[in-house]
Amino acid sequence: VVSGCLSQRYPDEIFEEIPEAVAVIGVNEYGALPGIIKRITDGSPRIMRVGGEPGVLTGERKLLTPGATAYLKVAEGCDNRCAYCAIPMIRGPYRSVPKETLALEAARLSASGVRELVLIAQDVSAYGSDIYGRPALAELLDELAELASASAPTWIRLMYCYEERVTDELLEAIARHDNVCKYIDIPLQHISGGVLARMSRRSTRSGIEETLAKLRAAVPGIAIRTTFMTGFPGETEDDFSELMDFAAEQRFERLGVFAYSPEEGTRAVDMPDQVPREVAEERRDVLMRQQIDISLEANRRFIGRELTTLTEESEDETTFIGRTEYDAPEIDGSVIFSSPEPISPGTFARVRITDAMDYDLVGEAV
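Residues numbered from 1 in each chain as written. Predicted model: local features only at pLDDT ≥ 70, side-chain atom pairs only at ≥ 80, totals over all residues. Heavy atoms only, no water.

**Student:** Sorry if this is basic, but what is going on with a negative patch on the surface here?
**Tutor:** A grouping of D12, E13, E16, E17 and E264 is seen on the molecular surface, where their side chains present a negatively charged patch. Turning to its location among the elements, E13 is positioned in helix α2 (residues 11-17). The exposure class of E13 is partly exposed, given its relative accessible area of 40%. (Patch = residues over 30% accessible without salt bridge, like charges linked within 9 Å, V, L, I, M, F, W, Y side chains within 5 Å. Areas by Shrake-Rupley, 256 points an atom, 1.4 Å probe, with all protein chains shown as cover. Salt bridge = Lys/Arg side-chain N within 4 Å of Asp/Glu carboxyl O. Lys, Arg positive; Asp, Glu negative; His and termini not counted. Charge placed at Lys NZ, Arg CZ, Asp CG, Glu CD. Helix = DSSP H or I, 4+ residues; strand = E, 2+ residues; numbered from the N terminus. Buried < 20%, exposed > 50% of the residue type's maximum accessible area, 1.4 Å probe, protein only.)

**Student:** For this particular structure, what's the right way to read the sheet that holds strand β11 (residues 254-259)?
**Tutor:** Hydrogen bonds between backbone groups are what pair the strands of a sheet, and the pairing can be parallel or antiparallel. Here 6 strands make up an open sheet; going across it, the order is β4-β7-β8-β9-β10-β11 and the pairing parallel. Both edges of this open sheet fall to β4 (69-73) and β11, since each of them pairs with a single strand only. Each strand of the sheet is rotated relative to its neighbour by a mean of 20°, with strand direction disregarded. Alignment of strand β9 (residues 180-185) against strand β10 (residues 223-230), held across 3 bridges, turns out to be parallel. The residue of β10 that forms the bridge with I184 is I224. Sitting on the sheet, helix α7 (residues 168-176) touches β8 (155-158) and β9, and the angle it makes with β9 is about 140°. The sheet contacts of helix α10 (residues 237-250) involve β10 and β11, and relative to β10 the element is tilted by about 170°. (Pairing = 2+ DSSP bridges. Axes fitted to C-alpha atoms, helices over the stretch in contact; angles between N-to-C directions. Contact = heavy atoms within 4.5 Å.)

**Student:** I tried to follow helix α11 (residues 277-300) on my own but got confused; where do I start?
**Tutor:** Each α-helix turn comprises 3.6 residues. Residues three or four places apart therefore point the same way. For α11, built from 24 residues, the straight-helix expectation of 34 Å at 1.5 Å per residue is met to within 8% by its first-to-last C-alpha distance of 35 Å. Residues of α11 that are buried: A280, R283, L287, Q291, I294, S295, L296, A298 and N299. Its buried side turned inward, α11 meets β10, α10, β11, β15 (348-356) and β16 (361-365). (Expected span 1.5 Å × (residues − 1).)

Spelled out as structure tokens, the structure:
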């Protein structure tokens, strides 16, 4: 059974390319899946279901991520309609999951041994605007942080926040709770005013700089992750130089870069002044090479400090791999540390950092 964004957009092509698929369903048909599976097992021929009204998936989810980390999806869909993005046409308008539903799921996950809840959506910072009439991420964070502290120790991590929705209330909530990771992911995409306008982003350079300054003042030591896109249509050498200078000035603790890729059906595809793919990729590589030194500098600040580390796996009987609150799963660095005593995956350890690499840390358990 094939499901997801790709099956929502290209169901016919999937049936042609994957003849062993017995069903192709879109992103609004998950609720129909049990019935579809029964029809298939009863002998029905191949089934395609890609319609359905956009909604919020309810019911208890099965935990598929390994280890002690789980993703808590707080909303579905997106209203931002950036010029390069097909998500709104695939997943529909923004729909928040009620706080009560999220609290129940968070409690179940904590009870099952999860020690890190990663809050995700296409735009986490817009949470609540549709169902409560106001941004309610700070309120949700307060409730989840209190719930997590009342059970076993559990980190709460924020991913995919839009800069213009990072409010003072949100900053205060991040600073207020010890179990909310001092980490935030804000995909800025660019800093040039002309490029941001063509992308249909609401942010401006002055607004971005003000938000970053407020973040660092309100939450000292916070790790800020961002993402930039190179080669967007119309990006000039001056635009890219401005982006390079901005990244060098801000010295983001965590940074990723994508070369622009045209997405069928988006406004960016038909824009003039398309940047050659090889130019976009070269600019990406240049920016990432600059970031290596910045990342190493940021990591060296931890040498000599003791950091709480979530153990994820063991290399052997005395070597373990984990992450600090300053690193998100799968995309950021790790801590490679030694311990004379065995440490089970999914448990927290205090680790003294003894060395730093470009993206990873080295230490010993204390």
